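# A closer look at the structure
Residues per chain are reported as follows:
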Amino acid sequence: MTNASCAERLDLIEHLIPVIRAAGDVVMSIYETDFAVRGKDDASPVTEADERAEALIVPALDALLPGVPVVAEEAVAAGQVPEVGDRFWLVDPLDGTKEFISRNGEFTVNIALIEHGEPVLGLVHAPALKKTFAGAAGCGAFIENCIGRRPIKCRRPPLEGLSVVASRSHGDAAALDAFLGGRKVAEVKNAGSSLKLCLIAAGEADLYPRLGRTMEWDIAAGHAVLAAAGGSVTQLAGGRFSYGKPGFDNPHFVAQGLTG
């Protein structure tokens, strides 16, 4: 399977925007009800919204790029793990399930295309916030909301110090303080789901250290948007952050905008 060109990636994004928004509509239809919450084998919560959104997205991806494997969170949890090669999709139908359950609006639907271990295309849709972020390698990134579409890009850290984003539901304050030691920090703010990566992509924050467990589908789409906006995701010690790892578990990582 050949790699997509920039024009092809942008075309894929345009085809995927209505798909991810339809999935967001499904999520919101359940968000507005007295939904039930169940526990998966790893004790993480799951709702009907996760399952119905995934059931909408996966066939759409199969139709868009036939033969390209789809690694989707709920399917993997059910033991349906496809063989992946140089090119595959990563789908998180509801990232920030805890945010969804607490009804704070900070949850997202995520779709990413991986090529040779790199996220080359990603869409992050926040249905409660009515925002869609998208980006592709070499093509730039944008946000689309109720007032239209505009390009986004990372900023250089302001002189007053870094704006750091941390996980709202999975924070380790002591580990974060240790990591930030010696850095000039202006503020630390909490956010849910892959929105943290998108805040950096949009130039609204500078640094997101993740010092806890994540899975590849949690961050691939946000990583793609961030990279397209000029930022990066690296392992904590600075090594390359790749996808298609055995088990799809992530090491600790740092996401950041422009440096220097």
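No experiment lies behind these values; they were computed from the predicted model shown.

Cut-off values and rules
Residues numbered from 1 in each chain as written. Predicted model: local features only at pLDDT ≥ 70, side-chain atom pairs only at ≥ 80, totals over all residues. Heavy atoms only, no water. Helix = DSSP H or I, 4+ residues; strand = E, 2+ residues; numbered from the N terminus. Rg over C-alpha atoms; globule rule 2.2 N^0.38 Å. Buried < 20%, exposed > 50% of the residue type's maximum accessible area, 1.4 Å probe, protein only. Contact = heavy atoms within 4.5 Å. Areas by Shrake-Rupley, 256 points an atom, 1.4 Å probe, with all protein chains shown as cover. Axes fitted to C-alpha atoms, helices over the stretch in contact; angles between N-to-C directions. Parallel < 35°, antiparallel > 145°, perpendicular 65-115°, else oblique. Left-handed = near helix turned anticlockwise from the far one by under 90°. Nonpolar A, V, L, I, M, F, W, Y, C, P; charged D, E, K, R; others polar. Disulfide = S-S within 2.5 Å. Phe/Tyr/Trp six-rings, centres within 6.5 Å; stacked < 30°, edge-to-face > 60°. Pairing = 2+ DSSP bridges. Expected span 1.5 Å × (residues − 1). Bend = angle between axes of the 7 residues up to and from the residue. Core = buried A, V, L, I, M, F, W, Y, C linked by side-chain atoms within 4.5 Å.

## A short note on the overall build of the chain
When its secondary structure is counted, the chain shows seven helices and 14 strands. In terms of overall dimensions, the chain is globule-like: its C-alpha atoms have a radius of gyration of 17 Å, near the 18 Å expected for 260 residues. Reported as C-alpha extents along the three principal axes, the dimensions of the chain are approximately 50 × 45 × 40 Å. Across the 260 residues in the chain, those meeting the buried criterion constitute 52%. Restricting the contact set of the chain to residue pairs at least 6 apart, pairs at least 24 apart contribute 64%. Of the roughly 11,100 Å² of accessible surface on the chain, a fraction of 53% belongs to carbon and sulfur atoms.

## Overview of the packing of helix α1 (residues 6-31) against helix α2 (residues 48-64)
Two elements in contact, α1 and α2, have axes separated by 8 Å at closest approach and are oriented at 160 degrees. If you check the angle between α1 and α2, you find them roughly antiparallel. Classified by chirality, the crossing of α2 by α1 is right-handed. Across the interface between the two elements, Leu 12, His 15, Leu 16, Val 19, Ala 22, Ala 23, Val 26, Val 27, Ser 29 and Ile 30 from α1 touch Glu 48, Ala 49, Arg 52, Ala 53, Leu 56, Ile 57, Ala 60, Leu 61 and Leu 64 from α2. Here the contact of α1 with α2 is built from residues that sort into 15 nonpolar, two polar and two charged.

## Details of unusual backbone geometry
Even without a glycine there, the phi angle at Arg 103 is positive, about 60 degrees. At Lys 130, a position not held by glycine, the phi torsion is positive, near 60 degrees. Classification of Lys 130 as exposed rests on a relative accessible area of 58%.

## Thoughts on the state of the cysteines
Evaluated as defined, the whole model comprises one disulfide. Bridging Cys 6 to Cys 139, the disulfide has an S-S length of 2.1 Å. Taken together, the positions of Cys 6 in helix α1 and Cys 139 in the loop between β7 (131-136) and β8 (140-145) put the pair 133 residues apart, joining distant regions of the chain. Accessibility expressed as a relative area gives 30% for Cys 6, which makes it partly exposed. Not part of a disulfide, Cys 154 finds its nearest cysteine sulfur in Cys 198, a span of 10 Å.

## Digging into the packing of aromatic side chains
Applying the stated criterion to the full structure yields seven aromatic pairs. For the pair Phe 241 and Tyr 243, a centre-to-centre distance of 5.4 Å together with 65 degrees between the ring planes defines the contact as edge-to-face. Grouping residues by exposure puts Phe 241 and Tyr 243 together as buried. Look at Phe 241 and Phe 253: their rings are 5.6 Å apart centre to centre, the planes differ by 75 degrees, and that puts the pair in the edge-to-face class.

## Digging into the pairing of strand β14 (residues 253-256)
Bridge count between strand β12 (residues 207-210) and β14: four bridges; the pairing is antiparallel. Residue pairing for β14: Tyr 208 is matched across the bridge by Ala 255. For strand β13 (residues 232-235) and β14, the ladder comprises four bridges, and the chain directions are antiparallel. Bridge pairing links Val 233 to Ala 255 in β14.

## Re helix α7 (residues 216-228)
Here α7 contains 13 residues, and its C-alpha end-to-end distance of 18 Å stays within 8% of the 18 Å for a straight helix at 1.5 Å per residue. The sharpest bend along α7 reaches about 25 degrees and sits at Gly 222. Taking burial as the measure, the 13 residues of α7 include 12 buried ones, the bulk of the element. Within α7, burial applies to Glu 216, Trp 217, Asp 218, Ile 219, Ala 220, Ala 221, Gly 222, His 223, Ala 224, Val 225, Leu 226 and Ala 228. After α7 finishes, the residue Gly 230 shows a positive phi value of roughly 105 degrees.

## Digging into the nonpolar core
The nonpolar side chains of soluble globular proteins are, as a tendency, buried together. The biggest cluster of nonpolar side chains holds 37 residues, and the ones touching the most others in it are Leu 90, Phe 133, Ile 152, Ile 200, Leu 226, Tyr 243 and Ala 255. Among the elements of the structure, β4 (87-95), β5 (108-115), β6 (118-126), β8, α6 (195-201), α7 and β14 are those that each provide at least two residues to this core. Here this core takes seven residues from α7, the largest share from any one element. In this structure, Ala 255 is in contact with Leu 197, Ile 200, Asp 206, Leu 207, Tyr 208, Leu 226, Ser 232 and Val 233, ignoring residues within four places of it in sequence. Ranked by size, the runner-up nonpolar core spans 36 residues in total, among them Val 26, Val 120, Ala 136 and Phe 142.

## Examining the environment of Asp 206
Among the structural elements, Asp 206 can be located in the loop between α6 and β12. Since its relative accessible area comes to 4%, Asp 206 is described here as buried. Linking Asp 206 and Pro 158, residues 48 residues apart in sequence, is a C-alpha distance of 9.0 Å. Every residue in contact with Asp 206, bar those within four places of it in the chain, is listed here: Arg 155, Arg 156, Pro 157, Pro 158, Gly 161, Leu 162, Ser 163, Ile 200, Ala 255, Gln 256 and Gly 257.

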